[in-house]
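One letter stands for each residue in the lines below.
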Amino acid sequence: MNETKILLSEAEMPEAWYNVQADLPNLPKPPLHPVTKQPVGPEDLASIFPMELIKQEASTEKWIPIPDEIREIYRLWRPSPLIRARRLEKALDTPARIYFKYEGVSPAGSHKLNTAVPQAYYNKVEGIKRLATETGAGQWGSALSMACQFFGLECTVYMVKVSYQQKPYRRSLMQIFGGEVIPSPSDRTESGRRALAANPDSPGSLGLAISEAVEDAVHRPDTNYALGSVLNHVLLHQTIIGLETKAQLAKAGEQADIAIGCCGGGSNFSGFAFPFLDDMINKGTKTRLIAVEPTACPTLTRGKLAYDFGDVAGLTPLIYMYTLGKDFMPPGIHAGGLRYHGDAPLLCQATKDGFIEPVAYGQKKVFESAILFARNEGIVPAPETAHAVACAVEQAIACREAGERKTIVFAFSGHGHFDLAAYDNYLAGELEDYPLPEDELQKALAGLPQV
Ligand SMILES: *Cc1c(COP(=O)(O)O)cnc(C)c1O
């Protein structure tokens, strides 16, 4: 087989998600109630999540069937193609074979619809009328708005204010899909009003927008909350990426030597990498799993493994994860989706146990690789995705230097058609690297809650 696009038919789409909780040798410490500091039970979560998602959150069943109603919508863009980046290989003069799993074909433009659809579905089935959520760069907000529209739910999106101002077209997209978009901090919630009182010009942050959305959901019985990353059930839904990729590699007669993904909260990376981890644990295969984050928000590479809140106001359960501290204010780098202070607990545990190698890159190197990729493959990566591209390029160059014919596969989490202002900045030479200063990191970590 010597194809460039490796495709699966709709009939070959996976029928179940893969749950890594069945296989990891160590599970992360449980989330704790923000007030009592006792492990949270299903009843604590029931005010903001449907029971089916709460069950998935704690399940240790290896395979969770994907309901037909969800598969029906997945069919709009799934199975997504696995594409061999032949022109990039040539440009790099590498003996390595480079493949990317292209999630940009989703109608929302990224992998986020893979979980937005099941989340809207399970809420709908349990009688919920409206979902509240936050969005950073706007990808999650547009995916959830679309999924809510498909199932006849209302959707309110608290959008980090700086993104609201910088990315007006993402806002338009959410509104086209029927979402209500509110710049955060807003005066609609206690958390928002407190932030505005402290700083009327606050640019907002993902952690703060989460506080607003959770507060909104807690106060209305017809409303639940939805999160686009970090939680176990989100990672579970995203495993369809890795499951399809494995089937596609098998079709092409390939074994992945290196699997790469960018990491914000960890959902696309985990969804891509965990099915490989299954084979590593249960079949003894060897794949290097590399998670790439920005040096400006280096959660896995420099954060502390500790209990921390998921949001700024401290409304969410305490989550055991690598964290930069919930008060960490990420600089305005362009990869908005990679600016969260924490990371998914399952990914953190797998990293601590040595299954995953985290690396961090500055944004100049990242955009340089993104341009190289775009000019050879014709696809403009989202700035988040460009972190994975940069790692694939680096590994392909290492193969050239070592004369090694490895198979490199990366998760192409989304296209960058709404991020052209960032590319403008790069092309004008105006992009800066922001390595996080150590004293700032220590200051943010000093605020970690005592448990
Ligand atoms: C949101 C987003 C990310 C980061 O989120 P993860 O949960 O780490 O996957 C990466 N790429 C794209 C295109 C995104 O929209």
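Coordinates for the structure precede this section.
Rules of the game
- Residues numbered from 1 in each chain as written.
- Predicted model: local features only at pLDDT ≥ 70, side-chain atom pairs only at ≥ 80, totals over all residues.
- Heavy atoms only, no water.
- Phe/Tyr/Trp six-rings, centres within 6.5 Å; stacked < 30°, edge-to-face > 60°.
- Helix = DSSP H or I, 4+ residues; strand = E, 2+ residues; numbered from the N terminus.
- Buried < 20%, exposed > 50% of the residue type's maximum accessible area, 1.4 Å probe, protein only.
- Lys NZ or Arg CZ within 6 Å of the ring centre and 35° of its normal.
- Near = heavy atom within 4 Å.
- Polar contact = N/O pair within 3.5 Å; in protein donor to acceptor, adjacent residues only side chain to side chain.
- Areas by Shrake-Rupley, 256 points an atom, 1.4 Å probe, with all protein chains shown as cover.
- 1 Å grid on protein atoms, 1.4 Å probe; cavity = no way out; pocket = protein on both sides within 12 Å on 5 of 7 lines; lining within 4 Å.
- Sits in = over half its atoms within 2 Å of the grid points.
- Nonpolar A, V, L, I, M, F, W, Y, C, P; charged D, E, K, R; others polar.
- Salt bridge = Lys/Arg side-chain N within 4 Å of Asp/Glu carboxyl O.
- Pairing = 2+ DSSP bridges.
- Axes fitted to C-alpha atoms, helices over the stretch in contact; angles between N-to-C directions.
- Contact = heavy atoms within 4.5 Å.
- Core = buried A, V, L, I, M, F, W, Y, C linked by side-chain atoms within 4.5 Å.

Draft legend 1. Structural view of the packing of aromatic side chains. Counted according to the given criterion, the structure contains 17 aromatic pairs. Taking 5.1 Å as the distance between ring centres and 80° as the angle between the ring planes, the aromatic pair formed by Y102 and F412 counts as edge-to-face. Here F412 lies in strand β15 (residues 407-412) and Y102 lies in strand β5 (residues 97-102), a separation of 310 residues in the sequence. Their ring planes at 35° and their centres at 5.4 Å tell us that F373 and F412 sit as a pair that is tilted. One end of the pair, F373, is in helix α15 (residues 363-377); the other, F412, is in strand β15, with 39 residues separating them in the sequence. Like F373, the residue F412 is buried in the burial classification. One aromatic cluster is present, built from ring pairs that chain together F100, Y102, F373, F410 and F412. For the cation-ring pair, R171 lies above Y164, with the distance from its terminal atom to the ring centre recorded as 5.3 Å. Lying over the aromatic face of Y361, K365 brings its terminal NZ or CZ to 4.5 Å of the ring centre.

Draft legend 2. How the structure looks around the site of the ligand. Lining the immediate environment of the ligand, one finds 19 residues, of which K112, S229, G264, S267 and S413 sit closest. Within the side chain of K112, a nitrogen or oxygen atom sits 2.6 Å from an oxygen atom of the ligand. Between an oxygen atom of the ligand and a side-chain N or O atom of S267, the distance comes to 2.7 Å. Relative to its free-state accessible area of 380 Å², the ligand is covered by the protein chains to the extent of 98%. More than half of the atoms of the ligand fall within 2 Å of the grid points belonging to the largest cavity. Mapped by element, the contributors of at least two residues to the shell around the ligand are α12 (267-283) and α16 (383-402). Classifying every residue of the shell around the ligand by side-chain character gives four nonpolar, 13 polar and two charged.

Draft legend 3. Spotlight on the pattern of salt bridges. According to the stated counting rule, one finds 22 salt bridges in the structure shown. The partner of R302 in a salt bridge is E438, and the shortest N-O contact between them spans 2.8 Å. Of this pair, R302 sits in helix α13 (residues 299-302) while E438 is found in helix α18 (residues 438-446), placing the two residues 136 residues apart along the sequence. Each of R78, K101, E103 and E244 takes part in salt bridges that share partners, so that together they form one network.

Draft legend 4. Here's a closer look at the sheet that holds strand β8 (residues 180-184). Read across the open sheet, the four strands follow the order β8-β7-β6-β9; overall the sheet is parallel. The open sheet has two edge strands with one neighbour each: β8 and β9 (223-225). Going across the sheet, the axis of each strand differs from the next one's by a mean of 25°, ignoring polarity. As judged from the five bridges shared by strand β7 (residues 154-160) and β8, these two strands associate in the parallel manner. Directly across from V160, in β8, lies its bridge partner S184.

Draft legend 5. Summary view of the environment of L305. The residue L305 is located in strand β12 (residues 304-309) in this model. Along the sequence, L305 and D343 sit 38 residues apart, while their C-alpha atoms lie 10.0 Å from each other. Ignoring any residue separated from it by four or fewer positions in sequence, one finds L305 in contact with Y320, M321, Y322, C348 and K352.

Draft legend 6. Quick look at the nonpolar core. Core analysis: the largest hydrophobic core is formed by 41 residues, its most contacted members being F274, L277, L289 and I356. Listed by contribution, the elements that provide at least two residues to this core are α11 (232-251), α12, β11 (288-294), β12, β13 (318-323), α14 (345-352) and β15. Element by element, the count of residues in this core is highest for α12, at seven residues. Once you skip the residues sitting within four places of it in the chain, L289 turns out to touch A259, F269, A273, F276, L277, M280, F355, I356 and E357.

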